[in-house]
Amino acid sequence: SPAGRRVLLQAGLKQGMRVADFGCGVGVVTQMLAEMVGSAGHVTGIDVNGAQLHQAGELCARKGLTNTTFVEASACNTGLPRNCFDLVYCRFLLLHLSDPASCLREMREVLRPGGIIVVEDGDLASATSIPPTAADAFAHLFCRLGPTRGVDYSLARNLYHLVMGAGFAD
């Protein structure tokens, strides 16, 4: 989206950078990142779901993007080289993990010194409306579901502290 592109540019994404896209799913953002870093850059998409990675690879191939690689791995243990990426990115990933701090530590490990982290996450409990609609039932459901799954669907409320706790500079 234009807003996502703007956030990445404001964070310092430039042509020629090496980027790791954690929890890339079907590759929509990976595609955008690959276009933004250009042919001199490279984007590695990481996801635990092989079927989604297959779709991501097909999407990027249809767009003629040859600067992407996809790795099937846990976001908490990617097996990627250390101190290698100029920018690491995830979007709506951490709130689905039982140990989001572990993922953030992995992101820090693969990021080169002085590199950039961009994390977009949410608070599904705040997805309500006035007057009440079905969105309120959605938020209530996630408030009840999170603890049974061992995840925090309101993670965004504590995101800054999680990132700082993983050893990133302010």
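Computed from a predicted model, the values in this text were never measured in an experiment. (Residues numbered from 1 in each chain as written. Predicted model: local features only at pLDDT ≥ 70, side-chain atom pairs only at ≥ 80, totals over all residues. Heavy atoms only, no water.)

Caption draft 1: Representation of the pairing of strand S2 (residues 42-47) in the model. Of all six residues that make up S2, five are buried, and the element is covered over most of its length. As a crossover connection, the stretch from strand S1 (residues 18-22) through helix H2 (residues 28-37) into S2 is right-handed. Strand direction decides the pairing type here: S2 and strand S3 (residues 68-72), joined by five bridges, are parallel. Its bridge partner being in S3, Gly 45 is matched across the sheet by Phe 70. With helix H3 (residues 50-62) bridging S2 and the parallel S3, this β-α-β connection has right-handed handedness. (Buried < 20%, exposed > 50% of the residue type's maximum accessible area, 1.4 Å probe, protein only. Helix = DSSP H or I, 4+ residues; strand = E, 2+ residues; numbered from the N terminus. Right-handed = clockwise from strand over helix to strand, strands pointing away. Pairing = 2+ DSSP bridges.)

Caption draft 2: Structural context of H2. Of all ten residues that make up H2, eight are buried, and the element is covered over most of its length. Phi for Gly 38, located one or two positions after H2, is positive at around 70 degrees.

Caption draft 3: Quick peek at the sheet that holds strand S5 (residues 111-120). In spatial order, the strands read S3-S2-S1-S4-S5; together these five strands make up an open sheet with parallel pairing. Of all the strands in the sheet, just S3 and S5 have a single pairing partner and so form its edges. Each adjacent strand pair in this sheet contributes to an overall mean axis angle of 20 degrees, direction not counted. (Axes fitted to C-alpha atoms, helices over the stretch in contact; angles between N-to-C directions.)

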